[in-house]
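Coordinate inspection notes
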Amino acid sequence: MTVHHPARTGGQVLVDQLRVHDVDTVYGVPGESYLAVLDALYDAPVRMVVCRHEGGAGYMAEASGKLTGRPGVCFTTRGPGATNALVALHTAHQDATPLVLFVGLVPRDHTHRHAFQELDLRGTFGTNAKLVETIEDAARIPEYVARAFAVARSGRPGPVVLGLPEDMLTDVVEVADASPLPVPQGGVSAEELAVLEGLLAEAERPVVLLGGSRWTDRARADVRAWAEAWSLPVAVDFRCQDLMDNEAEVYVGNLGYGRAKPLAELVREADLLVSVGAAPGDVSTDGYRMLPTVGGDGTGPRLVQVLPEAQPPGVVHRAELSLVAAPEAFGTAIRPLRPAAPVPWAERTKQARAAHLTARTPEPDGDPLDLGAVFAHLDSRLPEDTIVTFGAGNHAIWAQRFLTYRDGMRQLGPRNGSMGYGIPAAVSAAIAHPDRRVVSVAGDGCFLMNGSELATAMAEGAAPLILVLDNAQYGTIRVHQEREYPGRVSGTALGNPDFAVYAQAFGAHGETVTTTEEFAPALDRALECGRAAIIQLKVTEGRLSPGVTVASLRERGRAKG
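Read on for an overview of the structure. This is a predicted model, so every value here is computed, not measured.

Cut-offs applied
- Residues numbered from 1 in each chain as written.
- Predicted model: local features only at pLDDT ≥ 70, side-chain atom pairs only at ≥ 80, totals over all residues.
- Heavy atoms only, no water.
- Salt bridge = Lys/Arg side-chain N within 4 Å of Asp/Glu carboxyl O.
- Helix = DSSP H or I, 4+ residues; strand = E, 2+ residues; numbered from the N terminus.
- Phe/Tyr/Trp six-rings, centres within 6.5 Å; stacked < 30°, edge-to-face > 60°.
- Buried < 20%, exposed > 50% of the residue type's maximum accessible area, 1.4 Å probe, protein only.
- Lys NZ or Arg CZ within 6 Å of the ring centre and 35° of its normal.
- Patch = residues over 30% accessible without salt bridge, like charges linked within 9 Å, V, L, I, M, F, W, Y side chains within 5 Å.
- Areas by Shrake-Rupley, 256 points an atom, 1.4 Å probe, with all protein chains shown as cover.
- Lys, Arg positive; Asp, Glu negative; His and termini not counted.
- Charge placed at Lys NZ, Arg CZ, Asp CG, Glu CD.
- 1 Å grid on protein atoms, 1.4 Å probe; cavity = no way out; pocket = protein on both sides within 12 Å on 5 of 7 lines; lining within 4 Å.
- Points joined across faces, edges and corners; volume = space filled by probe spheres on them.
- Nonpolar A, V, L, I, M, F, W, Y, C, P; charged D, E, K, R; others polar.
- Pairing = 2+ DSSP bridges.
- Axes fitted to C-alpha atoms, helices over the stretch in contact; angles between N-to-C directions.
- Right-handed = clockwise from strand over helix to strand, strands pointing away.
- Parallel < 35°, antiparallel > 145°, perpendicular 65-115°, else oblique.
- Left-handed = near helix turned anticlockwise from the far one by under 90°.
- Contact = heavy atoms within 4.5 Å.
- Arc of directions from axis to C-beta.
- Polar contact = N/O pair within 3.5 Å; in protein donor to acceptor, adjacent residues only side chain to side chain.

Applying the stated criterion across every chain yields a total of 29 salt bridges. Residue Arg78 pairs with Glu32 through a salt bridge whose shortest N-O separation is 3.4 Å. A residue pair is termed long-range when its members are at least 10 positions apart, and Arg78 in the loop between β4 (72-76) and α4 (80-84) and Glu32 in the loop between β2 (25-28) and α2 (35-42) qualify at 46 residues. Arg543 is the salt-bridge partner of Asp367, the closest N and O atoms lying 2.8 Å from each other. In this pair, Asp367 sits in the loop between α12 (346-359) and α13 (371-381) while Arg543 sits in strand β21 (residues 543-545), placing the two residues 176 residues apart along the sequence.

Scanning the model with the defined rule gives 8 aromatic pairs in all. On the numbers, 5.2 Å between centres and 80° between planes, the contact of Tyr59 with Tyr421 is edge-to-face. Note that Tyr59 is positioned in helix α3 (residues 54-68) and Tyr421 in the loop between β16 (410-412) and α15 (422-432), a separation of 362 residues in sequence. Using a relative accessible area of 1% as the deciding quantity, one classes Tyr59 as buried. A residue is classified by how much of its surface remains accessible, and Tyr421, at 0% relative accessible area, is buried. An aromatic cluster is defined as three or more aromatic residues linked by ring pairs; in this entry it consists of Phe447, Phe499, Tyr502 and Phe506. In this structure, Arg147 packs its charged tip against the face of Tyr144, placed 4.9 Å from the ring centre.

With that out of the way, let us pick up a negative patch on the surface. Taken together, the side chains of Glu384, Asp385, Asp407 and Asp435 define an acidic patch exposed on the protein surface. Inspection of the secondary structure assignment puts Asp435 in the loop between α15 and β17 (438-443).

Taken as a whole, the second largest pocket encloses approximately 840 Å³ of empty space. Considering the residues around the second largest pocket, the lining is formed by 40 residues, among which Arg214, Trp215, Thr216, Arg220 and Arg410 are closest to the centre. Elements that contribute at least two residues to the lining of the second largest pocket include exactly α3, α9 (217-230) and β16. Tallied by class, residues from the lining of the second largest pocket come to 12 nonpolar, 11 polar and 17 charged.

Spatial ordering of the open sheet is given by β16-β15-β17-β18-β20-β19, a layout of 6 strands whose pairing is parallel. Each edge of the open sheet is held by one strand with a lone partner, namely β16 and β19 (509-513). Neighbouring strand axes in the sheet, compared pairwise and without regard to direction, differ in orientation by 15° on average. Alignment of β17 against strand β18 (residues 465-470), held across 5 bridges, turns out to be parallel.

This brings us to the pairing of strand β20 (residues 533-538). Of all 6 residues in β20, 5 are buried; the element is thus mostly enclosed. Bridge count for β18 against β20 is 6 bridges, and the pairing is parallel. Paired with Asp470 across the two strands is Lys538, which belongs to β20. The pairing of β19 with β20 spans 5 bridges and is parallel. When the sheet's bridge partners are listed, His509 is paired in β20 with Ala533. Where the polypeptide runs from β19 across helix α20 (residues 516-528) and back to β20, its parallel neighbour, the crossover connection is right-handed.

Below, the discussion takes up the packing of helix α1 (residues 10-20) against α2. Where α1 meets α2, the closest approach of the two axes is 8 Å, and the angle between their N-to-C directions is 55°. Looking at the two axes, α1 sits oblique to α2. Note on packing geometry: the crossing formed by α1 with α2 is right-handed. For the pair α1 and α2, contact is made by Gly11, Gln12, Leu14 and Val15 and by Ala36, Val37, Ala40 and Leu41, respectively. Broken down by class, the residue content of the contact of α1 with α2 amounts to 6 nonpolar, 2 polar and no charged.

Among the 8 residues of helix α11 (residues 327-334), 6 are classified as buried, and the element is accordingly described as predominantly covered. Buried residues of α11: Pro327, Ala329, Phe330, Gly331, Ala333 and Ile334, and no others. In this fold, the buried residues of α11 make contact with α8 (190-202), α9, β12 (272-276), β13 (302-307) and β14 (321-324).

A few words on α13. For α13, the complete set of buried residues consists of Leu371, Gly372, Val374, Phe375, Leu378 and Asp379. Along α13, the residues classed as buried sweep out an arc of 160° about the axis, all on the same side. By the N-cap criterion, in which a side-chain oxygen at the helix start approaches the backbone nitrogen of a residue two or three places on, α13 is capped by Asp370, the distance to Gly372 being 3.0 Å.

Mapping Thr77 onto the fold places it in the loop between β4 and α4. Reaching out from Thr77, the side chain makes a polar contact with the side chain of Ser33 at a distance of 2.6 Å. Residue contacts for Thr77: discarding those within four places in its chain leaves Val29, Gly31, Glu32, Ser33, Tyr34, Ala82, Val103 and Gly104.

One open sheet holds the 6 strands; their spatial order is β11-β10-β9-β12-β13-β14, and the pairing between them is parallel. Edge positions in the sheet fall to β11 (251-254) and β14, since each has one partner strand and no second. Neighbour-to-neighbour, the strand axes of this sheet turn through a mean angle of 20°, independent of strand direction. As defined by bridge partners, strand β10 (residues 234-236) adjoins β11 across 3 bridges and the pair is classed as parallel. Paired with Ala235 across the strands is Gly253, a residue of β11. Set on the sheet, α8 makes contact with β12, β13 and β14; between it and β14 the angle comes to about 140°.

In this section: unusual backbone geometry. Even without being a glycine, Arg214 presents a positive backbone phi close to 65°. By secondary structure assignment, the location of Arg214 is in the loop between β9 (206-210) and α9. Under the relative-accessibility criterion, Arg214 is labelled buried at 15%. Phi is positive for Asp286, close to 55°, though the residue is something other than glycine. Mapped onto the elements of the fold, Asp286 is located in the loop between β12 and β13.

Here's what the structure looks like:
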């Protein structure tokens, strides 16, 4: 029996596939190359968030992928529009975030003629995407979309790019929708569990490191229960502080930039490291120097790697045991495990926990605007389902060190060090969760890379709170500059606007804080205003990060020279 399907344009078929894959929001900047998709979205139960820059749109989609574990979706037009979004693809690629980028292309009969805004899709995106394909036949749209969503989510997640020739989208075809493809979770066998138990039984100084993506609430709960049953000290990778409730007695801190020295020593002295979700990278291992590398002298902890795919390319550390399992599958397998006898490292875990609590307690710095005190007060005011975002730079150290990421909170930050991420991520989170508090911590340089997306927040009724740490410089680079070339300031100074007035120009709430005492009432007003808000924090001159000033770095740099 022949089944007839309704005739639809390629644009309509594509939008219908989005609904099949439970997509309710897409981000993008419009272009004439995909007008048929825009037209299909007109009647669809899919929210199109119109952004002010494709980089911002891509970051919003990437943040959506981080929050949900499902592919965030971004639409751009060809040429300049698509290449503007490349920065978000690099973020998704390095951060293992599921993302699908749809790119409108020139008509099929214009290809390879250097047509207006034509680009080589695979050549442009191939090294920063898991899959790059162009849909030449509208009847195959369901097939391509189903594959794209599955590839983006499977194994180590990442971005997928689908090209949409303009004329293909207006073709009328009769084709069935394609159901989502299953994504394997992997698993842990009884034999592998026995090996893991044996390694734990032989250990005296174990450490657990959590990172990567594909984490769920269940995975977090199961891994925490296992770690608590074994009194295992748990550290998290760079910008993964939401993987373990920071108030858990086994949580000992994050191994990102700005890590506490006692935690680094704990890892260096470990005799067993269980890395769950991602292989130890250069940030967590201090440039691959904290763990034994393949071909090295072999000194250092034995390594257990639990990854959602087989050994990744560029193998750096030799694992004693490699498990292919997503965090949820691993958590399900190990939660029932209990030690046969009291573990010998319980006191060591308590000491590591105490060291962490000491390191995250802000000390007065004597500045008129004491940022440690500011973030301690902010921490006391945040609900337990707050979403915190930030971009790249020293400003993020205050948010990473002095905020407590409790069970239910989420942290959205680019692990690839991409500036300009925090504001679009906050807008995306506030759109998706209007009932939750969303706080973005931005540096002045980072903010102005995508600060125009404040217009998107206002248009969409999103109400993130944005703290702009204004020290009138690219602070992270200034740190390196003062270490290597003390006193020779070049290329790092910034001329900034009045960020409070900037906010007000968009219709947002805006005010400036210059002293510690001014912050609490300003925060109250911002939290109660009911719309997007910016608090400009005028950082005391010379302050670069907690405990670090221009003067202190310059002194050290000159002493070294």
